[in-house]
Amino acid sequence: MVVIDFVTVCVEVRLEPPCNGTSDAQKQQIDQGAPVTGERAPFAVPCARMDAMPTATGMSDGLPMNVTAQISNVTRPKASSTVVCYSPMMITTNGIWQGVNPLEFSLPLFILQMAVIVVTTRLLVLLLKPFRQPRVIAEILAGVVLGPSVMGQLETWATMVFPHRSLLTLETVAHLGLLYFLFMVGVEMDIDVIRRSGKKALSVAVAGMALPFCIGIATSFIFRHQVSRNVHQASFLLFLGVALSVTAFPVLARILAEIKLLNTELGRIAMSAAIVNDMCAWILLALAIAISEVNSTALSSLWVLLSGVLFVLFCFYAVRPGMWWLIRRIPEGEGVSDMQVSLILTGVMLAGVCTDAIGIHSVFGAFVYGLVIPSGPLGVALIEKLEDFVTGLLLPLFFAISGLRTNVRKIRDPITVGLLVLVFIMASFAKIMGTIIIAALYTMPFREGIALGFLMNTRGLVEMIVLNIGRDKEVLDDESFAVMVLVSVAMTTLVTPVVTGVYRPSRRLVGYKRRNLQRIRHDSELRMLACVHTTRNVPSVLSLLELSNPNKRSPIFIYALHLVELTGRASNMLAAAAASASKQSRSSSASSLPAVTEHIFNAFENYERHTGGVSIQTLAAVSPYQTMHEDVSVLAEDKHVSLIVVPFHKQQTVDGAMEPINPNIRGFNESLLSTSPCSVAILVDRGLSAAAARMASEHRVALFFFGGPDDREALAYAWRMVEHPGVTLTVVRFLPPDYKVRSASSTTYRSSAASDTDSRAITINPEGKSELEMDEDYLNEFRARNHGNDGISYSLKVVANSEETVTAIRTIDSNLHELYIVGRRPGEAGSPMTSALEEWMENPELGPIGDMLVSSDFSMTVSVLVVQQYVVAGAPTPAAPAPAASSDPVLQYVSNANQRPSAASGAYRTSAASSAANKRWSGSGTVGF
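Only a predicted model underlies this, so the values are computations on that prediction, with no experimental measurement involved. (Residues numbered from 1 in each chain as written. Predicted model: local features only at pLDDT ≥ 70, side-chain atom pairs only at ≥ 80, totals over all residues. Heavy atoms only, no water.)

What follows covers the overall build of the protein. Assigned secondary structure in the protein consists of 32 helices and 15 strands. Counting every position in the protein, which comprises 929 residues, the buried fraction comes to 53%. Here the analysis covers contacts within the protein between residues at least 6 apart in sequence; of these, 82% occur between residues at least 24 apart. Accessible area for the protein stands at about 40200 Å²; split by element, carbon and sulfur atoms hold 61% of it. (Helix = DSSP H or I, 4+ residues; strand = E, 2+ residues; numbered from the N terminus. Buried < 20%, exposed > 50% of the residue type's maximum accessible area, 1.4 Å probe, protein only. Contact = heavy atoms within 4.5 Å. Areas by Shrake-Rupley, 256 points an atom, 1.4 Å probe, with all protein chains shown as cover.)

As structure tokens, then:
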């Protein structure tokens, strides 16, 4: 009996020389049809006899389609039979010390290929990052570089690292990764977004798909004889139409996030239209696959379509209710069990098998199965289980396969290349023009229409799937496939630079004047932007809001912003889009927010329901930490915010020490302090969020006042707190010993380097007052307005140097207070009271006093709020009269409002005093007001 070891059925079977390890007698027995006898050599290549060479479709004349029938057919003795050798691929090797090459075995070779693909992809991602290109470009280019176009020119590389015999294993694993990635895309797609998107997004989606589809088919039909020789014409037109009209939703989401458009109206329209476009593309792809079989009859194509429709209906009306039943069985407060996750992930493979058996590609089944998974905790749990492994390891294999199939040397006919490029350009032009027409109908600006058109031209995963399926079905030849891949990559690389160059969000000519707390009345509405990174930041922010005394007479409007780091993960892409929806739309449908964002939003919304005088709007920003401060600054300016509150980058441990949470948060805080369009406060939580502190009936706050704009801003915030009946405030003022006898103009500590003007400042100071005069005026106003308030006390500390400052602060009983409020830049720059502390700062963003209070040498139970004022007043020319331009504050504001501050600005404007202060507080004890 003939022993036959089939490893794979190749598309092309080549005749080989006499088989290794097979004796001449055994070959003669094979030729005569007799059983093979004798001992086979180790690693012998099994031989088999085939009647004829298979054709390109894997069939030959008289050769049965069934593999088992082929095997039995091989054993029949025929006079014209040919010996064909099948090279077996062993799984694992015995080691190099046995004299065996590991790359001759499938597992070591596959591991090496995966490592090479992932490393090459990551290197290209780093190289393309300065050009703000999406990761899909690097993944496709990695395959092109590793394939026959570049590295494949080296014969050693092509035969050892990427031999033809190994591509079956590589493609199998790559399609498994593709299967699960499309499942994740389906999970993340909220079908309710289509319902909420409105007519504008639907019109953009229809125009952006119908016009390029029709033009692509029309131009392809005209040039079909030159472009699509020897292929099925109808299938070619349909495949090309789908490839030209599709929009890559996952790639578009990442591009919008990276260029700061995810939260804009343009970004929301593009996202909604891309979701509709993606779903229509999958329907058309299923239709194209159904009719792509050259030998299929119309009846069989009809059965494929009907079976596909039945599969979709089964998923939506049988699988989806089962998922909801599963969610309802999960106990309150518990997550999805591993058993449930395993069953759902097994369903992905079953769905792929079903659609593959129907005649539609298996990824269609995985995508539809993902659509019926309800968003929320179940979807988030599934994505967290899969995302890193699938997108980091398996998905690059699929793009590498596309690149390995792209052989630039196959592009030889200039007419074919030119016509394909022309067809692609015509379809892209049609998509852009269709989008511009829709934008004009909805009175959108012309530039927005162009930007939206290019965004809808984003190519990526879906188009690669369409092109690969078309090549597998032999609808596209190697030349057409290579040209379409390269043109798609070129189109996607143009999206980011064109959109950033064309689309410029409209900026207000005149901003707002209420950029700090000192310029607004302490009992007027306060607009704050509270930034949180994790759920741990929420209690401390809510405690600070409670101390700020919100009520109907002095309301507070809070923009609660959840800052989500953009890491390239798909799971946080829709967070901002879903968070921007209204509360009613989020509550009326299944929430598509991540679990952390949902918890943060619920906490702020519950606080709003139980507290009077507070209005809260919840938002989310998805951005890299390097540019996250830009999103916060733009939002603060758009919402006319007066104060931004951000958490410190360290959190307190059980033993009281401070440990860093995320080093990127520190860089974000420093960038925000330099570029913010309003005042900023950094909150260091060391007990303020504790339940006991929040439930206490009395809250003690201390303010350290050295002078300067930041300390006045801290006093302005404390002024709002003293209106709270349960808050007692202690104002501790620090003065030098000779303050009473020296003139205010006789001493200035500011060095020449520090005397530069603050780039954040808007110079509106018609009176030309000095900093010391403004300090005295504001303190006197505070005392006069709060006269008779027993909850306010004043303490004066006379200090000559930094050592005495530290000693004076140590004498204050920290057990009596739960919050210290300080300015970031206390007093004059270079003042002996704080100069030595500035040299030893570990956290410059907190300033010398804030850094000292946060250190482990001081109390570990008192929270610290460090305030920086957005400097609006304080002209540096106190002796001379104010210039003519400053006499009109509106004109001066307009000329400076749109200036973007420099990130390096660290100095704060102060001016030398021209005369002694008119009024001074005196006394060294604690004085009641």
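Moving on from the model shown.
Bringing the pairing of strand β4 (residues 556-565) into the picture now. Among the 10 residues that make up β4, eight are buried, leaving the element largely enclosed by the rest of the structure. In this sheet, β4 lies alongside strand β3 (residues 526-532) in parallel orientation, the contact comprising seven bridges. Note that in β4 the partner of A530 across the bridge is A560. Crossover handedness for the path β3 to helix α20 (residues 537-547) to β4: right-handed. (Pairing = 2+ DSSP bridges. Right-handed = clockwise from strand over helix to strand, strands pointing away.)

We describe a pair of aromatic rings using the distance from one ring centre to the other and the angle between the two ring planes. What the rule picks out here adds up to 10 aromatic pairs. A centroid spacing of 5.2 Å and a plane angle of 25° characterise the contact between W282 and F367, whose relative ring orientation is stacked. One end of the pair, W282, is in helix α11 (residues 265-290); the other, F367, is in helix α14 (residues 362-371), with 85 residues separating them in the sequence. Residue W282 shares its accessibility class with F367, and that shared class is buried. Plain terms: the ring middles of W719 and F782 are 5.3 Å apart, the flat faces sit at 90° to each other, and that makes the pair edge-to-face. Of this pair, W719 sits in helix α27 (residues 709-721) while F782 is found in helix α28 (residues 771-785), placing the two residues 63 residues apart along the sequence. Pair check on accessibility: W719 and F782 agree, each one buried. Grouped by ring-pair contacts, the aromatic residues F704, F706, F734 and Y820 constitute a single cluster. When the ring centre of F481 is taken as origin, the NZ or CZ atom of R471, which lies over that ring, is 5.8 Å away. Here R527 stacks its cationic end above the ring of F557, 5.2 Å away from the centre of that ring. (Phe/Tyr/Trp six-rings, centres within 6.5 Å; stacked < 30°, edge-to-face > 60°. Lys NZ or Arg CZ within 6 Å of the ring centre and 35° of its normal.)

Moving on, we get to the pattern of salt bridges. For the structure shown, the criterion picks out 16 salt bridges. Between E139 and R135 there is a salt bridge; the shortest N-O distance is 3.3 Å. Within this pair, E139 and its partner R135 are both found in helix α4 (residues 135-146), separated by four residues, close to a single helical turn. E139 gets classed as buried once you look at its relative accessible area, which sits at 4%. The salt bridge involving R785 is made with E781; its shortest N-O contact spans 3.7 Å. Remark: E781 and R785 occur in helix α28; sequence separation between them is four residues, near one turn of the helix. Look at E781 and you get partly exposed, because its relative accessible area is 33%. One continuous salt-bridge network, built from bridges that share partners, spans E171, R405 and D472. (Salt bridge = Lys/Arg side-chain N within 4 Å of Asp/Glu carboxyl O.)

Moving on: the confidence of the model for the protein. Close inspection of predicted coordinates is inappropriate in any region flagged by low pLDDT. The predicted model of the protein averages 75 in pLDDT, with 73% of residues at 70 or higher. Scored below 50 in pLDDT, residues 1-81 makes 121 contacts in the model with residues more than four places away or belonging to other chains. Across residues 873-929 the pLDDT falls below 50, and counting only partners more than four positions away or on other chains, this stretch makes 130 contacts in the model. (pLDDT = per-residue confidence, 0-100.)

Looking now at the packing of α11 against α14. Running from amino to carboxyl end, α11 crosses α14 at an angle of 145°, the nearest separation of the two axes being 11 Å. The interaxial crossing formed by α11 with α14 has left-handed handedness. Contact residues: M279, W282 and A286 in α11; V363, F364, F367 and L371 in α14. Residues that form the contact of α11 with α14 fall into these classes: seven nonpolar, no polar and no charged. (Axes fitted to C-alpha atoms, helices over the stretch in contact; angles between N-to-C directions. Left-handed = near helix turned anticlockwise from the far one by under 90°. Nonpolar A, V, L, I, M, F, W, Y, C, P; charged D, E, K, R; others polar.)

Burial within helix α31 (residues 847-854) is extensive, with eight of its eight residues counted as buried. Of all the residues in α31, the buried ones are G847, P848, I849, G850, D851, M852, L853 and V854.

What follows is about the nonpolar core. By size, the foremost hydrophobic cluster in this structure holds 144 residues, and its most contacted members are F183 and I465. For this core, the element with the most residues is α11, which contributes 16 residues. Excluding residues that lie within four positions of it along the chain, I465 makes contacts with L178, L182, W282, L285, V363 and F398. Of all hydrophobic cores here, the second largest spans 53 residues; its members include V541, L545, A716 and V731. (Core = buried A, V, L, I, M, F, W, Y, C linked by side-chain atoms within 4.5 Å.)

Notably, N549 is not glycine yet its phi reads approximately 60°, a positive angle. One can find N549 in the loop between α20 and β4. Taking the relative accessible area as the measure of exposure, N549 reaches 8% and is therefore buried. Even without a glycine there, the phi angle at H640 is positive, about 55°. Inspection of the secondary structure assignment puts H640 in the loop between α24 (628-638) and β6 (643-647). Judged by relative accessible area, which is 29%, H640 ranks as partly exposed.

Among the structural elements, N407 can be located in the loop between α15 (377-405) and α16 (414-441). The exposure class assigned to N407 is buried, which follows from its relative accessible area of 11%. Sequence spacing of N407 and V144 is 263 residues, and the spatial spacing of their C-alpha atoms is 7.8 Å. Not counting residues up to four positions away in its chain, the partners in contact with N407 are P148, S149 and A482.

Before going further, it helps to examine the state of the cysteines. In this structure the tally under the stated criterion is zero disulfides. Residue C678 stays outside any disulfide, its sulfur separated by 9.6 Å from that of C531, the closest cysteine. Since its relative accessible area comes to 0%, C678 is described here as buried. (Disulfide = S-S within 2.5 Å.)

The next thing to look at is helix α29 (residues 802-811). Those residues of α29 that sit buried are S802, T805, V806, A808 and I809. Buried residues of α29, viewed axially, fall in a sector of 160°; they line one side. Pointing more than 90 degrees away from the buried face of α29 are the exposed residues E803 and T811. The inward-facing, buried residues of α29 contact β10 (699-705), β11 (727-735), β12 (792-798), α30 (835-838) and α31. Backbone nitrogen of E803 and a side-chain oxygen of the N-cap are separated by 3.2 Å at the start of α29; the cap is N801. (Arc of directions from axis to C-beta. Polar contact = N/O pair within 3.5 Å; in protein donor to acceptor, adjacent residues only side chain to side chain.)

What follows concerns the pairing of β11. Of all nine residues in β11, seven are buried, a share of seventy percent or more. Where β10 and β11 come together, seven bridges link them in parallel fashion. Counterpart to H699 in the pairing with β11 is V727. Note on the crossover from β10 through α27 to β11: the handedness is right-handed. Here seven bridges tie β11 to β12, and the two strands are oriented parallel to one another.

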